[in-house]
Amino acid sequence: MDDVLLRSLTPEVLGVLVRRGADFAAAEDAVQDALVEAVRAWPADPPRDPKGWLITVAWRRFLDATRADAARRRREDVVDEEPAPGPVTGVDDTLRLYFLCAHPSLTPSSAVALTLRAVGGLTTRQIAQAYLVPEATMAQRISRAKRTVSGVRFDSPGDVATVLRVLYLVFNEGYSGDVDLAAEAIRLTRQLAAGIDHPEVAGLLALMLLHHARRAARTAADGSLVPLAEQDRDRWDTALIAEGVGILQAALARDRLGEFQAQAAIAALHADARTAAETDWVQIVEWYDELARLTDSPVVQLNRAVAVGEADGPRAGLAALAELDETLPRHTAVAAYLHERDGDLATAARLYAEAARRSSDAAERDHLVRQAARLNARR
Amino acid sequence: MAKYLLLKHYRGAPTPVNDVPMEKWTPEEISAHMQYMHDFAARLENTGEFVDGQALAPEGSWVRYDGEGRPPVTDGPFAETKDLIAGWMVIDVDSHERALELAGELSAAPGAGGKPIHEWLEVRPFLTAPPTITD
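Residues numbered from 1 in each chain as written. Chains lettered and ligands numbered in written order. Predicted model: local features only at pLDDT ≥ 70, side-chain atom pairs only at ≥ 80, totals over all residues. Heavy atoms only, no water.

**Some words on the domain arrangement of chain A**
Stage number 1. According to the domain assignment, chain A consists of domain 1 (3–84), domain 2 (197–295) and domain 3 (301–379).
Stage number 2. A C-alpha centroid distance of 54 Å is found between domain 1 of chain A and domain 3 of chain A. (Domains from an automatic or database assignment.)

**Some thoughts on the pattern of salt bridges**
Stage number 1. Enumeration over the complete set of coordinates arrives at 34 salt bridges over all chains.
Stage number 2. Among the salt bridges present, the one from aspartate 180 of chain A reaches arginine 215 of chain A, with a minimum N-O distance of 2.6 Å. Of the two residues, aspartate 180 of chain A sits in strand E2 (residues 179–180) while arginine 215 of chain A sits in helix H12 (residues 215–218), which places them 35 residues apart along the sequence.
Stage number 3. With its nearest N and O atoms 3.1 Å apart, the salt bridge here joins arginine 98 of chain B to glutamate 101 of chain B. Taken together, the positions of arginine 98 of chain B and glutamate 101 of chain B, both in helix H2 (residues 96–107) and three residues apart, correspond to about one turn of that helix.
Stage number 4. Judged by relative accessible area, glutamate 101 of chain B falls into the partly exposed class, the value being 44%. (Salt bridge = Lys/Arg side-chain N within 4 Å of Asp/Glu carboxyl O. Helix = DSSP H or I, 4+ residues; strand = E, 2+ residues; numbered from the N terminus. Buried < 20%, exposed > 50% of the residue type's maximum accessible area, 1.4 Å probe, protein only.)

**Here we look at helix H19 (residues 345–358) of chain A**
Residue and element names in this part refer to chain A.
Stage number 1. Taking 1.5 Å as the rise per residue, H19 with 14 residues should run 20 Å; its terminal C-alpha atoms sit 20 Å apart, in good agreement.
Stage number 2. Every buried residue belonging to H19 is among Leu345, Thr347, Ala348, Ala349, Leu351, Tyr352, Ala353, Ala355 and Ala356, and all of these are buried.
Stage number 3. Turning to H19, the residues buried within the fold contact helix H18 (331–341) and helix H20 (362–378). (Expected span 1.5 Å × (residues − 1). Contact = heavy atoms within 4.5 Å.)

**Brief notes about the side chain of glutamate 29 of chain B**
All names here are of chain B.
Stage number 1. Within the fold, glutamate 29 resides in helix H1 (residues 27–47).
Stage number 2. Buried charged residue glutamate 29 carries no salt bridge. Nearest counter-charge: lysine 115, at 8.0 Å.
Stage number 3. The contact partners of glutamate 29, leaving out residues within four places of it in the chain, are Gly111, Ala112, Gly113 and Gly114. (Lys, Arg positive; Asp, Glu negative; His and termini not counted.)

Listed below in structure tokens is the structure:
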């Protein structure tokens with residue numbers, strides 16, 4: 001049985017239940033129960049209409065739970081008749097779910113967890129494993145998130161930017177446990193892009209595909225990080241790159257530039273260079289300038305300084321860096337890199353070691369210590 | 001089974017025998033060290049003795065309650081603080097001897113020159129729940 005295919009039906013099934021009048025939290029629980037039941041029952045007895053099967057089972061679970069609830073409250077007014085489904089369009093239901101699960105009243109960690117469960121169809125256990133927290137903790141986070149959005153009208157329109165931020169967070173979490181969050185984020189973004197015509201949705205999808213294409217080349221056999229310039233470009237996934245570039249070009253042609261399209265454009269320029277030396281750094285700097293106009297993120301300014309260092313030489317890069325706040329994360333690492341390019345190995349080694357001490361990321365810290373060691377061994 | 005916390009210190013532990021900061025090692029020596037740590041954890045997972053392991057950033061803050069309706073007081077990091085934890089591993093083993101044996105192996109991780117660091121690790125038993133049968 002195809003787990004992803006099964007999970008791709010989740011948002012539509014949930015949408016149908018909500019449309020029939022189930023409240024979101026109870027409907028979501030019922031759909032989870034139905035998914036678990038499907039995993040158990042389908043291998044021996046695959047249904048002809050998987051979606052219809054899921055809707056029937058989930059609706060029955062919802063009614064059972066409602067009845068049990070009502071019995072506990074000693075009330076008799078149980079919903080008994082199965083109402084006819086309204087004029088359902090699966091795509092609209094799915095879109096509303098994305099908006100609801102990324103609602104601005106949710107914290108980022110709650111929105112991520114709720115999206116993965118209610119839209120992605122992952123189990124609480126899988127989400128907990130992916131984020132390295134106990135299952136009971138994740139269960140609480142999800143049920144609190146559901147309570148938070150329970151008053152939100154399901155048909156109210158949302159802001160697509162909040163949805164994109166949630167999907168971006170999921171993608172960046174990468175890979176841990178038995179769930180590939182990057183692949184899941186791509187699947188959810190594809191599903192979103194199929195239902196909504198928006199250049200930034202396309203931009204984010206392109207950005208994810210272009211970065212995902214480099215994944216195999218990004219870590220060495222021993223698990224250490226391999227920087228872009230040293231990656232074996234033969235290991236990049238050319239099919240993903242071609243797809244990402246195609247999606248990006250179609251989005252850019254519509255002339256409604258946004259942050260994700262600009263980031264994807266930079267990723268596409270890297271993907272386009274067969275060797276690191278062939279990289280078109282001048283164009284990359286221009287895209288960073290565009291990006292800086294669209295966002296005030298200091299990370300963009302740091303990355304721009306690196307690009308300036310490549311396009312106009314390390315001294316120009318250091319000059320660009322000097323204008324930025326020294327306490328920014330990775331500021332010291334960028335300074336170390338530019339000093340190395342400038343030939344000042346002693347300063348570079350000292351700064352790499354300092355950057356390693358300041359790093360909050362274990363893999364990055366190891367990488368920076370190695371850089372310091374490499375330069376110290378050469379001197 | 002009994003749980004033990006193996007603590008690694010940035011500061012506060014006695015000086016190891018092979019005391020060279022990591023950035024002064026060769027890249028190959030760093031790789032060998034990482035591989036040793038990785039293999040050690042993997043082996044304990046295989047024997048069913050590994051519980052958890054985490055690394056900590058060197059910089060943190062001290063925080064305390066400052067009374068009703070007031071934000072907490074934060075301070076530090078204090079340069080004079082003697083003890084600074086770098087990370088931990090929790091193991092679940094059959095005996096105190098086994099905990100010491102494993103800590104000894106971890107301390108033998110290779111460092112500069114490919115020689116064991118002989119790093120001092122702190123081994124702390126978890127307090128346990130009372131047994132059900134007491135007589």
